[in-house]
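Structural features, examined
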Amino acid sequence: MEAVKESVKLAFRKRASDSRVLTCAAVWRMPKELESSSHESPDDSSSTAQTLELLCHLDNTAHGNMACVTWEPMGDGKKIISLADNHILLWDLQESSSRAVLASSASLEGKGQLKFTSGRWSPHHNCTQVATASDTTLRGWDTRTMSQIYCIENAHGQLVRDLDFNPNKQYYLASCGDDCKVKFWDTRNVTEPVKTLEEHSHWVWNVRYNHSHDQLVLTGSSDSRVILSNMVSISSEPFGHLVDDEDVSDQEEHHPEEKNKEPLQDNVIATYEEHEDSVYAVEWSSADPWLFASLSYDGRLVINRVPRALKYHILL
Amino acid sequence: MAAVAAGPSPGAGPGDSPEGPEAEAPERRRKAHGMLKLYYGLSEGEAAGRPAGSEALDPTDLNGAHFDPEVYLDKLRRECPLAQLMDSETDMVRQIRALDSDMQTLVYENYNKFISATDTIRKMKNDFRKMEDEMDRLATNMAVITDFSARISATLQDRHERITKLAGVHALLRKLQFLFELPSRLTKCVELGAYGEAVRYQGRARAVLQQYQHLPSFRAIQDDCQVITARLAQQLRQRFREGGSGAPEQAECVELLLALGEPAEELCEEFLAHARGRLEEELKSLAAELGPSPPAPDVLEFTDRGGSGFVGGLCQVATAYQELFAAQGPAGSEKLSTFARELGGRYFALVEQRLAQEQGGSDNSLLVRALDRFHRRLQAPGALLAGARLAEAATKIVERVARERLGHHLHGLQVAFLGCLTDVRQALAAPRLAGKEGPGLAELLANVASSILSHIKASLAAVHLFTAKEVSFSNKPYFRGEFCSQGVREGLIVGFIRSMCQTAQSFCDSPGEKGGATPPALLLLLSRLCLDYETATISYILTLTDEQFLGQDQSPVTPVSALCAEAREMARRLLTHYVKVQGLVISQMLRKSVETRDWLSTLEPRNVRAVMKRVVEDTTAIDVQVGLLYEEGVRKAQSSDSSKRTFSVYSSSRQQGRYAPSYTPSAPMDTNLLSNIQKLFSERIDVFSPVEFNKVSVLTGIIKISLKTLLECVRLRTFGRFGLQQVQVDCHFLQLYLWRFVADEELVHLLLDEVVASAALRCPDPVPMEPSVVEVICERG
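Residues numbered from 1 in each chain as written. Chains lettered and ligands numbered in written order. Predicted model: local features only at pLDDT ≥ 70, side-chain atom pairs only at ≥ 80, totals over all residues. Heavy atoms only, no water.

All right, on to the overall build of chain A then. Helix and strand content of chain A: four helices and 22 strands. Across the 316 residues of chain A, 49% fall into the buried class. In chain A, once contacts between residues fewer than 6 apart in sequence are set aside, the share between residues at least 24 apart is 47%. (Helix = DSSP H or I, 4+ residues; strand = E, 2+ residues; numbered from the N terminus. Buried < 20%, exposed > 50% of the residue type's maximum accessible area, 1.4 Å probe, protein only. Contact = heavy atoms within 4.5 Å.)

This is the structure:
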């Protein structure tokens, strides 16, 4: 699927040894043919299961279960952050990705069993920020010093399941959790969420911003629904797409339309109920901004498009 | 014929007889006759003495006035025979004779009278002659008297003049004496302190002195007087300034000074300044009573003192001022108004300060009485000083106090409500220490409801005092309209119900979403309370309020239905929150139990895990708790076999039918297929869904949340063979005990099936336990 844009892929593997389960992570390379022909014949590529090439393991035996692995969003793809139990590990890939060296690490101290559940690497600030979720708390980290930069205590009433950075607004991030809520935060003011959505009737497992139109937010939940929301008011285009100056020809027609568009409301665009069981992953396509996929427990992968009307509404 | 001619005359009546003997010519007689007739006011016909008949004009009537002998004779001769003529002649002759004799007698009789009358006239003539002489004599005497009198007057003339002059001189001298004595007299008066007297003397003398001041002697007197007057004025002023002698005496002083012709403008200023000094004293003493320390006298006494001291003083000043300086016109009254307004303002400030101290108090009746007195007291100066608007200001103060009072009561109600909640918390916490689970939740609810209701009623009664008939300000428009509808109904009652809802809401929104902050029983109780309010209490309270406060205000009020809707919504949210909190408690228990256990290396299950028993126990406890406050609710009629025994058979057969194939590792596709097919026919489960107001719905919600958590947790773990079997046992156990709580037992089956299926999928070595063994273990546990 398009979500993986790198030729190198990260994967989890569970190693059962001595009746003890340890979640590990490894770096894989996708076959070249799949990468080149993925758009032309997706059916073929899925039917002829081609093998991935294992490049290296991220050695986490000293740190516990891997919860999350994420690439540096920009750059040459040589850096990986992984979260293992209560450690945050920064890896450096060397020798054409055949070796992963632990560059630096930090760990979460505190009472009780603190475990990271999820993490995201911010595409802003020159890729120096990582946000993590552990229990009900959201934390921001600086990858240069591996120190905590902000902390949102009790971001959710219950466990925080996932978070995502707004690709266009550097301080905005979305989080979701077991309290069925999706919350939008401004990391400069962590006392109050900017906005809260409460559309799901069970734990929300995933939240994803559209890569280019950040008003489109996708959430997947274990109530087996996928919800596409339009969060115009807190997006980078709160007044809709700016009209191009070349559109002088049909200006007369355009103006009333613009007027009509003025009151933009945050709303749920669509609820997708194709899944029969809990949805555990949703992702936007990295190629086509109007395409997204969701994966549920029963093994069903559903690919949907943003409704045409909305697409035109956003574009025009 | 003469007899005939004379005939009518005697026929005319005896009244004519005296004229008869005169024997005058018929012309004359007729004339005299006519004159007499005229005199007697009779008409021609009536003069005959007979009533005027139809034959009155008959010329043949012998006795008629218009008798004509010729016509009569003609008639006789023409009509009568000879014999009758003869008869009539004799008859006539006889009549004539009778008449003659009559006449003779009359003449004789009247002749005597005539003679005596003549005698009388003669005598009279003599008498008059005598009288005339005497009259002449009288006239001469009178002339003499007049003459004498004139002479006397002439003689006395100059003496009289002299006397008059002397009298004038005497009066003048007395006046002069008064003037000369004036200085000493004034001095004496001033010494004696009889200022009024002195001023009166001065006033009398002033004009004269003014007139004759060109004469040196008068001038001296005037100068003396002026000196004394000045002294007098000075003394008066001094007395006035000393001021201790009270308003009436001061007023007197001012009056005297005015009479002395002192400038009114200045006096009026000074008068007001003095009055101000006095009233400021009053205010100061009032302010002293306020003090920083808690005020000793109660508010009633305070307003009383203020009323009699300050307001009374102000009244006196105003009355005196208006009497004294009435001549000052609008400017003067304006000055007074300004004065009154300023001092009144300060008085109001003090009163408000004092009333503010009273705000915390609970005794409304005292406050209302104090306000009443305060308001009533100010009506008098209000009428006197319309320009100062004291009465309006007083009404404003009373209104403000009433408003603040409402606010205070609202606050009191809120505090009482919170107090009730604290009591409930304590009551909920206490028995738990003794080991009993939330007994008497219904009683607690009843206690809370009744205590709040009694608080509301008490507040209403207290506030009602403001509108009592005997209170002087109750008929002000504010108290008749806005106070009732906006103040009491909207502000107090509706405000309280709203704040109650808000308080309840805050329990839902509390940051302690993990359920630690609020005991769930309290949520349940509040929910029930709100629901009760929705069904009955709100409409009851509002009806009560509307009855007690019949406001004439037309402003819109919150309808009962809106409030009820709010309360119902609140009840629903509280109950939903309760479900979430309780669900979370059980979820956490299940989650911990799944997450902390090492499922790969677990031993073969011998027992149901303790945590499952705990879940069932807790659910039962919740069931009991909810049952105390909510009705049973509708259960979906599933099947008739609701006894435990038949159920277990049913469920085990179900398990065999459904699980057995899926646990065979040889057919992993079947698992997915089967579960997918099964899901196609089952409805989607909304886990956190709104609940209805009944026990079954609440319990269903809680169990749904718990089981869904179990499912999700199981999916995150990896199970060994015995781990799977343990899950199987646990799920069967839950199935045995949880079905009875929910509306649709199919739901429990579905979720538990899903749990076991998920565990099987997460198991590298899925060998299920024999259903019979599972059953045995469960029944043993």
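From this point on, the discussion continues.
Taken together, the contact between chain B and chain A spans 26 residues of the former and 29 residues of the latter. A combined buried area of about 2,300 Å² lies between chain B and chain A, and 46% of that area is made up of carbon and sulfur atoms. One can count three salt bridges joining chain B with chain A. D277(A) serves as the salt-bridge partner of R715(B), at 2.8 Å between the closest nitrogen and oxygen. Taken together, the connections running from chain B to chain A amount to seven residue pairs in polar contact (both at pLDDT 80 or more). (Buried area = accessible area lost by both parts, 1.4 Å probe. Salt bridge = Lys/Arg side-chain N within 4 Å of Asp/Glu carboxyl O. Polar contact = N/O pair within 3.5 Å; in protein donor to acceptor, adjacent residues only side chain to side chain.)

Turning our attention to the sheet that holds strand 19 (residues 267-272) of chain A. Residues and elements named next belong to chain A. The four strands are arranged 16-17-18-19 in an open sheet whose pairing can be described as antiparallel. Two strands close off the open sheet at either side, each with one partner strand: strand 16 (204-209) and strand 19. Pairs of neighbouring strands in the sheet enclose a mean axial angle of 20°, with direction left out of account. Pairing of strand 17 (residues 216-221) with strand 18 (residues 226-230) involves five bridges; the strand directions are antiparallel. Bridge pairing in strand 18 links G220 to V226. (Pairing = 2+ DSSP bridges. Axes fitted to C-alpha atoms, helices over the stretch in contact; angles between N-to-C directions.)

A few words now on the packing of aromatic side chains. Between two aromatic rings, the relevant description is the distance of the centres plus the angle of the planes. Residues and elements named next belong to chain A. This model, assessed by the stated rule, comprises 11 aromatic pairs over all chains. Judged by centre distance (6.3 Å) and plane angle (75°), the ring pair of F116 and W141 falls under edge-to-face. With F116 in strand 8 (residues 116-121) and W141 in strand 10 (residues 137-142), the pair connects residues that are 25 residues apart, well separated along the chain. Residue class for F116 comes out buried when judged on its relative accessible area of 3%. What makes W141 buried here is its relative accessible area of 4%. Each residue in the set W203, W205, Y280 and Y297 is aromatic and connected to the rest through ring pairs, giving one cluster. Note that R161 overlies the ring of W205, its terminal NZ or CZ placed 4.3 Å from the centroid. (Phe/Tyr/Trp six-rings, centres within 6.5 Å; stacked < 30°, edge-to-face > 60°. Lys NZ or Arg CZ within 6 Å of the ring centre and 35° of its normal.)

Here the focus is the sheet that holds strand 11 (residues 147-152) of chain A. All names here are of chain A. Strand order across the open sheet formed by four strands is 8-9-10-11, with antiparallel pairing between neighbours. Every interior strand has two partners, whereas the edge strands, strand 8 and strand 11, have only one. On average, adjacent strands in this sheet sit at an angle of 25° to one another, irrespective of strand direction. With five bridges joining them, strand 10 and strand 11 adopt antiparallel strand pairing. Looking at the pairing, D142 lines up with S147 of strand 11.

Moving on: the confidence of the model for chain A. Residues and elements named next belong to chain A. On average, residues of chain A carry a pLDDT of 77, and 78% of them reach 70 or more. Predicted confidence for residues 1-8 stays below pLDDT 50, and this span has 24 contacts to residues more than four positions away or in other chains. The low-confidence segment residues 36-47 (pLDDT under 50) makes three contacts with residues lying over four places distant or belonging to another chain. (pLDDT = per-residue confidence, 0-100.)

Once that is clear, we can look at the packing of helix 15 (residues 441-464) of chain B against helix 16 (residues 477-509) of chain B. Residue and element names in this part refer to chain B. One can describe the packing of helix 15 onto helix 16 by two numbers: an axis separation of 12 Å at closest approach and a directional angle of 160°. Between helix 15 and helix 16, the crossing angle belongs to the class labelled roughly antiparallel. By crossing handedness, the relation of helix 15 to helix 16 is classed as right-handed. Within the contact between the two elements, helix 15 uses I452, I456, S459, L460 and V463 and helix 16 uses F483, V488, L492, I493 and F496. When the residues that make up the contact of helix 15 with helix 16 are grouped by side-chain class, the tally is nine nonpolar, one polar and no charged. (Parallel < 35°, antiparallel > 145°, perpendicular 65-115°, else oblique. Left-handed = near helix turned anticlockwise from the far one by under 90°. Nonpolar A, V, L, I, M, F, W, Y, C, P; charged D, E, K, R; others polar.)

Bringing the packing of helix 16 of chain B against helix 17 (residues 520-548) of chain B into the picture now. All names here are of chain B. Where helix 16 meets helix 17, the closest approach of the two axes is 11 Å, and the angle between their N-to-C directions is 175°. Considered as vectors, helix 16 and helix 17 are oriented roughly antiparallel to each other. Contact residues: V488, R489, I493, V494, I497, M500, A504 and F507 in helix 16; L522, L523, L526, L529, Y533, I538, I541, L542, T545 and D546 in helix 17. For the contact of helix 16 with helix 17, the per-class residue count stands at 15 nonpolar, one polar and two charged.

Structurally, P31(A) is set in the loop between strand 2 (20-29) and helix 1 (32-37). Each C-alpha atom, one on P31(A) and one on E53(A), is 7.4 Å from the other, the two residues being 22 residues apart in sequence.

Here we come to helix 12 (residues 364-377) of chain B. Taking 1.5 Å of rise per residue, 14 residues should cover 20 Å, and helix 12 of chain B covers 19 Å from first to last C-alpha, within 8% of that figure. For helix 12 of chain B, every residue scored as buried is listed here: N364(B), L366(B), L367(B), V368(B), A370(B), L371(B), D372(B), F374(B) and H375(B). (Expected span 1.5 Å × (residues − 1).)

Take the pattern of salt bridges next. All names here are of chain B. A full pass over the atoms with the stated rule returns 28 salt bridges over all chains. Residues D74 and R77 are paired through a salt bridge, measuring 3.1 Å at the closest nitrogen-oxygen approach. Of this pair, D74 and R77 both sit in helix 4 (residues 69-79), three residues apart, roughly one helical turn. A residue is classified by how much of its surface remains accessible, and R77, at 53% relative accessible area, is exposed. For the salt bridge of D618 with R614, the shortest nitrogen-to-oxygen distance reads 3.4 Å. With D618 and R614 both in helix 19 (residues 610-629), this residue pair falls four residues apart, about one helical turn. For R614, a relative accessible area of 42% puts it in the partly exposed group.

The next point concerns the confidence of the model for chain B. Regions with low pLDDT carry predicted coordinates that are not meant to be interpreted in detail. All names here are of chain B. Of all residues in chain B, 77% attain a pLDDT of 70 or more, and the chain-wide mean is 75. The least confident element of chain B, judged by mean pLDDT, is helix 20 (residues 644-663) at 37; the most confident is helix 5 (residues 82-192) at 89. Segment residues 433-438 is flagged for pLDDT under 50; beyond a separation of four residues in sequence, or across chains, it makes three contacts in the model. Note that residues 639-670 has pLDDT below 50 and, in this model, 45 contacts with residues that lie over four places away or in other chains. Model confidence for the complex: the whole-complex pTM is 0.65, and ipTM, which rates the interface, is 0.79.

So, on to a nonpolar patch on the surface. Taken together, the side chains of M124(B), F128(B), M131(B), M135(B), L138(B), M142(B) and I145(B) make up a nonpolar region of the molecular surface, amounting to roughly 730 Å² of accessible area. Take I145(B): it is sitting in helix 5. (Patch = residues over 30% accessible without salt bridge, like charges linked within 9 Å, V, L, I, M, F, W, Y side chains within 5 Å. Areas by Shrake-Rupley, 256 points an atom, 1.4 Å probe, with all protein chains shown as cover.)

Another point: the environment of D179(A). Residues and elements named next belong to chain A. Looking at the secondary structure, you find D179 in the loop between strand 13 (172-177) and strand 14 (182-186). Considering only alpha carbons, one finds D179 and T136, 43 residues apart in sequence, at a separation of 10.0 Å. Apart from residues no more than four positions distant in its own chain, D179 is found in contact with H156, G157 and Q158. From its side chain, D179 meets the backbone nitrogen of G157 in a polar contact 2.8 Å long.

Residues and elements named next belong to chain B. One finds F271, Y347 and F483 to be the most contacted residues of the largest nonpolar core, which totals 179 residues. Of all the elements, helix 16 adds the most residues to this core, at 15 residues. Not counting chain neighbours up to four residues away, the residues in contact with Y347 comprise L283, L286, T303, G306, G307, F310, V311, F374 and L378. (Core = buried A, V, L, I, M, F, W, Y, C linked by side-chain atoms within 4.5 Å.)

What follows concerns a negative patch on the surface. Taken together, E132(B), D133(B), E134(B) and D136(B) make up a surface patch of like negative charges. By secondary structure assignment, the location of E132(B) is in helix 5. (Lys, Arg positive; Asp, Glu negative; His and termini not counted. Charge placed at Lys NZ, Arg CZ, Asp CG, Glu CD.)

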